[in-house]
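Spelled out, the chains give:
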Amino acid sequence: MKTPAKRHYKIVITALFLIISSCASFNPGWEDTDLSPKSGDATLLFKKALELEKTASTGEQVKELVKALKLVVDADPWNYEALWRIGNYNILMGAAYSEKIKDKKYHYKEAIQYCEKAMYLNPSFKQQVENDVEIWDAVNQLDKQYIDAMGYWYTARFYYFKECISKFGRLFNTKIVIKNELVIARIDSLDPEWAGGGNYFSRAIYLIAVPEKFGGSKTKAAEEFEKAFKAGPGYLVNRWGRARYLYSLTGNKDGYVDDLNWVLAQDPHKSGNTYPWNVYFQDQARLMLSEVDKVFK
């Protein structure tokens with residue numbers, strides 16, 4: 001028979017194991033950065049990648065797009081545009097085309113690392129992080145040129161927090177969300193309307209997710225969505241996001257249906273976000289409309 005002391009010891013050990021295993025960790029993207037070019041014509045390769053970007057509408061095609069962008073980086077490791085795009089499309093792979101948690105983790109971590117590689121091209125940022133300054137403090141060294149890398153870096157971390165960490169685990173990983181605010185603030189200082197209101201959108205999601213006693217507010221979230229619409233009136237992500245994250249909770253069925261129908265009515269080649277992302281938003285909108293009676297019972 002186990003004594004009370006032994007049972008208590010076992011409970012403590014189990015609790016400690018759960019806490020440790022719930023803590024998310026990310027290897028810095030610059031640890032394996034090789035800035036020596038290999039082979040290939042980077043200009044031509046990047047042109048081919050951008051052509052793929054105009055037509056990529058499936059998981060396999062987005063994978064091919066990421067591979068094409070990596071060929072650009074092989075030829076030109078200093079190609080900032082290719083680096084942050086690799087980060088961006090890994091987010092899409094995780095959000096749209098990954099079912100398993102392990103696959104989502106892989107893609108979101110890839111996204112984080114490639115955005116860090118992009119930021120690492122800035123000499124002042126490079127010096128800071130190599131001297132153990134945390135990324136969210138070092139971003140003050142970055143100017144507007146690096147805004148996409150910053151933006152998709154924090155976006156990937158948000159996705160990781162939401163989709164890859166259990167509710168219990170989130171209790172021990174709030175730092176991910178809290179420190180993201182410092183990067184968002186840096187983007188605000190450079191271009192508050194970045195990515196058609198990307199920061200407003202992110203704040204809205206945050207205000208919806210956080211309990212009211214900790215500052216959450218669906219009313220304030222609605223205000224942030226309105227700011228996003230003004231910053232990016234043609235961006236599908238904003239109305240898709242309002243329907244999915246806000247109206248589904250507040251019971252606004254008419255608003256939900258109107259937003260999703262608006263998303264479906266847009267031309268995915270000419271609507272703010274890139275074509276691969278717009279395809280995802282429209283696919284989601286169709287699915288959400290088909291299940292509207294389940295959402296609003």
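Position labels on residues start from 1 in each chain and follow its written sequence. Local features are withheld for residues below a pLDDT of 70 in this predicted model, meaning they are given only at 70 or higher, and side-chain atom pairs are given and counted only at 80 or more; totals for whole chains, interfaces and linings count all residues. Only hydrogens and water are set aside when side-chain values are computed; all heavy atoms of the structure are taken into account.

Asks: Could you give me a rundown of the overall build of the protein chain, with the residues and numbers involved?
Replies: From N to C terminus, the protein chain includes 16 helices and zero strands. Over its C-alpha atoms the protein chain spans a radius of gyration of 21 Å, differing by no more than 12% from the 19 Å that the globule rule assigns to 297 residues. With 297 residues in all, the protein chain has 47% of them scored as buried. Here, two residues are considered to be in contact whenever any of their heavy atoms come within 4.5 Å of each other. Partitioning the contacts of the protein chain with sequence separation of at least 6, the portion at a separation of at least 24 is 67%. Of the side-chain charges in the protein chain, 41 are positive and 37 negative, and the distance between the mean point of each set is 8 Å. By the criteria applied, helices consist of DSSP H or I runs no shorter than four residues and strands consist of E runs no shorter than two, each listed in order from the N terminus. Between the two quantities, the radius of gyration covers C-alpha atoms and the globule rule is 2.2 Å times the number of residues to the power 0.38. When accessible area is computed with a 1.4 Å probe and restricted to protein chains, residues below 20% of their type maximum are described as buried, those above 50% as exposed, and intermediate ones as partly exposed. Positive charges are assigned to Lys and Arg, negative charges to Asp and Glu, while His and the chain termini are left out of the count. Charged side chains are reduced to one point each, which is NZ for Lys, CZ for Arg, CG for Asp and CD for Glu.

Asks: Got a sec to walk through the side chain of Glu116? Specific residues and values, please.
Replies: One can find Glu116 in helix α5 (residues 101–119). Nearest to the buried, unbridged Glu116 among oppositely charged side chains is Arg157, at 6.2 Å. In this structure Glu116 touches Asn27, Pro28, Gly29, Trp30, Phe125, Ile135 and Trp153, once residues within four positions along its chain are discounted. Note on definitions: salt bridges are taken to be side-chain nitrogens of Lys or Arg within 4 Å of carboxyl oxygens of Asp or Glu.

Asks: Describe a nonpolar patch on the surface, naming the residues involved and giving the relevant values.
Replies: A surface patch of nonpolar side chains, about 300 Å² in accessible area, is lined by Phe168, Leu171 and Phe172. Residue placement: Leu171 occurs in the loop between α9 (167–170) and α10 (174–190). Owing to a relative accessible area of 60%, Leu171 belongs among the exposed residues under this scheme. Patches here: salt-bridge-free residues with over 30% relative accessible area, like charges joined within 9 Å, nonpolar side chains (Val, Leu, Ile, Met, Phe, Trp, Tyr) joined within 5 Å. All accessibility values rest on the Shrake-Rupley procedure with a 1.4 Å probe; residue burial counts only the protein chains present in the view.

Asks: Please provide a residue-by-residue account of helix α11 (residues 194–209), values included.
Replies: If you check α11, its first and last C-alpha atoms are 22 Å apart, about what 16 residues at 1.5 Å a residue would give, namely 22 Å. Each residue is assigned a bend, namely the angle between axes fitted to the seven residues that terminate at it and the seven residues that start at it. Most pronounced at Phe201, the bend in α11 amounts to some 30 degrees. The buried fraction of α11 amounts to twelve of the 16 residues, a majority that puts the element mostly inside the structure. Where α11 is buried, its residues meet α8 (147–164), α10, α12 (218–231) and α13 (236–250). Each residue after the first adds 1.5 Å to the expected span of a helix.

Asks: Before we move on, could you go through the side chain of Gln113 and cite the residues and values that matter?
Replies: Along the chain, Gln113 turns up in helix α5. For Gln113, a relative accessible area of 17% puts it in the buried group. Once residues within four sequence positions are removed from consideration, Gln113 is found in contact with Asn27, Pro28 and Gly29.

Asks: Give me the packing of helix α2 (residues 42–53) against helix α3 (residues 59–75): which residues, what numbers.
Replies: Between α2 and α3, whose axes approach to 9 Å, the crossing angle comes to 165 degrees. The pairing of α2 with α3 is recorded here as roughly antiparallel in orientation. For the pair α2 and α3, the crossing hand works out as left-handed. Residues Ala42, Leu45, Phe46, Ala49, Leu52 and Glu53 of α2 form the contact with α3, whose own contacting residues are Glu64, Leu65, Ala68, Leu69, Leu71, Val72 and Ala75. When the residues that make up the contact of α2 with α3 are grouped by side-chain class, the tally is eleven nonpolar, no polar and two charged. Here an angle of 0 to 180 degrees is reported between the N-to-C directions of two axes, which are lines fitted to C-alpha atoms, with helices fitted over the stretch in contact. Put simply, angles under 35 degrees are roughly parallel, angles over 145 are roughly antiparallel, angles from 65 to 115 are roughly perpendicular, and the rest are oblique. Handedness of a helix crossing follows the sense of rotation of the near helix relative to the far helix, less than a right angle counterclockwise being left-handed and clockwise being right-handed. Side-chain classes follow a simple rule in which Ala, Val, Leu, Ile, Met, Phe, Trp, Tyr, Cys and Pro form the nonpolar group, Asp, Glu, Lys and Arg form the charged group, and the remainder, Gly included, forms the polar group.

Asks: Can you tell me about the packing of helix α4 (residues 80–96) against α5, naming the residues and giving the values?
Replies: For the pair α4 and α5, the least separation of the axes is 8 Å and the interaxial angle reads 165 degrees. Of the possible angle classes, the one that applies to α4 and α5 is roughly antiparallel. Between α4 and α5 lies a crossing whose hand is left-handed. Across the interface between the two elements, Tyr80, Leu83, Trp84, Ile86, Gly87, Asn90, Ile91, Met93, Gly94 and Ala95 of α4 pack against Lys104, His107, Tyr108, Glu110, Ala111, Tyr114, Cys115, Lys117 and Ala118 of α5.

Asks: Go over the confidence of the model for the protein chain with me, naming the residues and quoting the values.
Replies: Predicted confidence across the protein chain gives a mean pLDDT of 90, with 91% of residues reaching 70 or more. Here residues 9–22 scores under 50 on pLDDT; set against residues more than four positions off or in separate chains, the count is eight contacts. Note: pLDDT gives the predictor's confidence per residue, expressed from 0 to 100.

Asks: Residues and numbers for the pattern of salt bridges, please.
Replies: As enumerated under the stated definition, the model contains 16 salt bridges in all. A salt bridge links Glu224 to Lys227; the shortest N-O distance between them is 3.3 Å. A residue pair is termed a helical-turn pair when its members lie 3 or 4 positions apart in one helix, as Glu224 and Lys227 do in helix α12 at three residues. Given a relative accessible area of 39%, Lys227 falls into the partly exposed group. One salt bridge in this structure joins Arg242 and Glu226, with 3.2 Å as the shortest N-O distance. Placement of Arg242 in helix α13 and of Glu226 in helix α12 is noted, with a sequence separation of 16 residues between them. With relative accessibility at 9%, the residue Arg242 sits in the buried group. Look at Glu226 and you get partly exposed, because its relative accessible area is 39%.

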